[in-house]
Amino acid sequence: AFSLGLSVDINTVWWLDILYGLVALVGILFAIRSWRSIKQQGWVIGAMILVPMLALWLINLYQPAYMNARHLSLIGSGYLLALGSGLGLLWRYQKWLTGLVVGIMIAGAGYSTFNYFTQEESAKDDYTSLGEYLDGRLMAGDVVLLRPPFSWRIFRYYLPIEAIDQANQAGLEIAHY
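Reading the values: the criteria
- Residues numbered from 1 in each chain as written.
- Predicted model: local features only at pLDDT ≥ 70, side-chain atom pairs only at ≥ 80, totals over all residues.
- Heavy atoms only, no water.
- Helix = DSSP H or I, 4+ residues; strand = E, 2+ residues; numbered from the N terminus.
- Contact = heavy atoms within 4.5 Å.
- Areas by Shrake-Rupley, 256 points an atom, 1.4 Å probe, with all protein chains shown as cover.
- Buried < 20%, exposed > 50% of the residue type's maximum accessible area, 1.4 Å probe, protein only.
- Arc of directions from axis to C-beta.
- Core = buried A, V, L, I, M, F, W, Y, C linked by side-chain atoms within 4.5 Å.
- Phe/Tyr/Trp six-rings, centres within 6.5 Å; stacked < 30°, edge-to-face > 60°.
- Lys NZ or Arg CZ within 6 Å of the ring centre and 35° of its normal.
- Axes fitted to C-alpha atoms, helices over the stretch in contact; angles between N-to-C directions.
- Parallel < 35°, antiparallel > 145°, perpendicular 65-115°, else oblique.
- Left-handed = near helix turned anticlockwise from the far one by under 90°.
- Patch = residues over 30% accessible without salt bridge, like charges linked within 9 Å, V, L, I, M, F, W, Y side chains within 5 Å.
- Salt bridge = Lys/Arg side-chain N within 4 Å of Asp/Glu carboxyl O.
- Nonpolar A, V, L, I, M, F, W, Y, C, P; charged D, E, K, R; others polar.

**Some thoughts on the overall build of the chain**
Piece 1. Within the chain, the regular secondary structure consists of 9 helices and 0 strands.
Piece 2. Sequence separation of 24 or more characterises 58% of the internal contacts of the chain that already satisfy a separation of 6 or more.
Piece 3. Carbon and sulfur atoms form 65% of the exposed surface of the chain, whose accessible area is close to 13,200 Å².

Listed below in structure tokens is the structure:
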């Protein structure tokens, strides 16, 4: 998600995600290459990635977190540092190879960005326009049915259906289908 985002089909670009991951892993391993490096805070880059991931996992055991990508964005800075460290190490030994790797990474990010702005399946929900359209058109007693499959998880998170059932038991006349 941090290398290409949701605007690409993982089945098409899995090898590029592996490339990003390997470069970051090389950066982390280089940062902890010796006890001396570890004592000089070489462990921090790996911890910046691992600690938020473990914290989210633990939180998720108690309360499922809807916005995993938002929560995991906490590792973004550590991930970028690991990528930079890996590319820096590669640059030290193979400048031409580093240029090739960076070129491939930029091409992949460009492909993802192009998809993000041009592909309909990457479009974001436009609930503001939906609200503006419905404003003034809805009458008392009207029913609006909205269940986009790509947004259902967020609806369930912010409006648990169980709350409607509890309201019905409390005597309110609310229905869902």
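The structure having been displayed, the exposition proceeds.
**Let's talk about helix H9 (residues 161-169)**
Piece 1. Among all positions of H9, only Ile 161, Ile 164 and Ala 167 are buried. Along the axis of H9, the buried positions cluster into a sector of 110°, meaning they face one direction only. Looking at H9, the residues exposed on the side facing more than 90 degrees away from the buried face are Gln 166 and Gln 169.
Piece 2. In the segment just after H9, Gly 171 is the residue with positive phi, at about 105°.

**Let's talk about the nonpolar core**
Piece 1. One finds Leu 19, Tyr 20, Val 23, Ala 82, Leu 83, Val 101 and Met 105 to be the most contacted residues of the largest nonpolar core, which totals 18 residues.
Piece 2. Elements that contribute at least two residues to this core include exactly helix H1 (10-31), helix H3 (44-62), helix H5 (76-93) and helix H6 (95-118).

**Points about the side chain of Ser 37**
Piece 1. On the secondary structure map, Ser 37 appears in helix H2 (residues 35-42).
Piece 2. Once you skip the residues sitting within four places of it in the chain, Ser 37 turns out to touch Ala 31 and Gly 42.

**Describing the packing of aromatic side chains**
Piece 1. Counted under the stated rule, the structure contains 1 aromatic pair.
Piece 2. Here the basic side chain of Arg 33 rests over the ring of Phe 30, its NZ or CZ set 4.0 Å away from the ring centre.
Piece 3. If you follow Arg 137 out to its NZ or CZ, it ends over the ring of Tyr 133, 4.1 Å from the centre.

**Some remarks on the packing of H1 against H6**
Piece 1. In contact at an axis separation of 11 Å, H1 and H6 are set at 130° when each is read in the N-to-C sense. Considered as vectors, H1 and H6 are oriented oblique to each other. As for the relative orientation of H1 and H6, their crossing is left-handed in sense. Facing H1, whose interface residues are Val 13, Trp 15, Leu 16, Leu 19, Tyr 20 and Val 23, H6 presents Val 101, Ile 104, Met 105, Gly 108, Ala 109 and Tyr 111.

**Observations regarding a nonpolar patch on the surface**
Piece 1. Where nonpolar side chains cluster on the molecular surface, the patch consists of Ile 10, Trp 14, Trp 15, Ile 18, Leu 22, Leu 25, Leu 29, Ile 32 and Trp 43 and spans about 920 Å² of accessible area.
Piece 2. Of note, Trp 43 is situated in the loop between H2 and H3.

**Remarks on the packing of H1 against H5**
Piece 1. The interhelical angle for the contact between H1 and H5, taken along N-to-C directions, is 80°, at an axis separation of 7 Å. In terms of orientation, H1 lies roughly perpendicular with respect to H5. Note on element contacts: H5 touches H1 through Tyr 79, Ala 82, Leu 83, Ser 85, Gly 86, Leu 87, Leu 89 and Arg 92, opposite Tyr 20, Val 23, Ala 24, Val 26, Gly 27, Ile 28 and Phe 30.
Piece 2. Class assignment for the residues of the contact of H1 with H5 results in 11 nonpolar, 3 polar and 1 charged.

On their own, these measurements won't tell you what the molecule is for.
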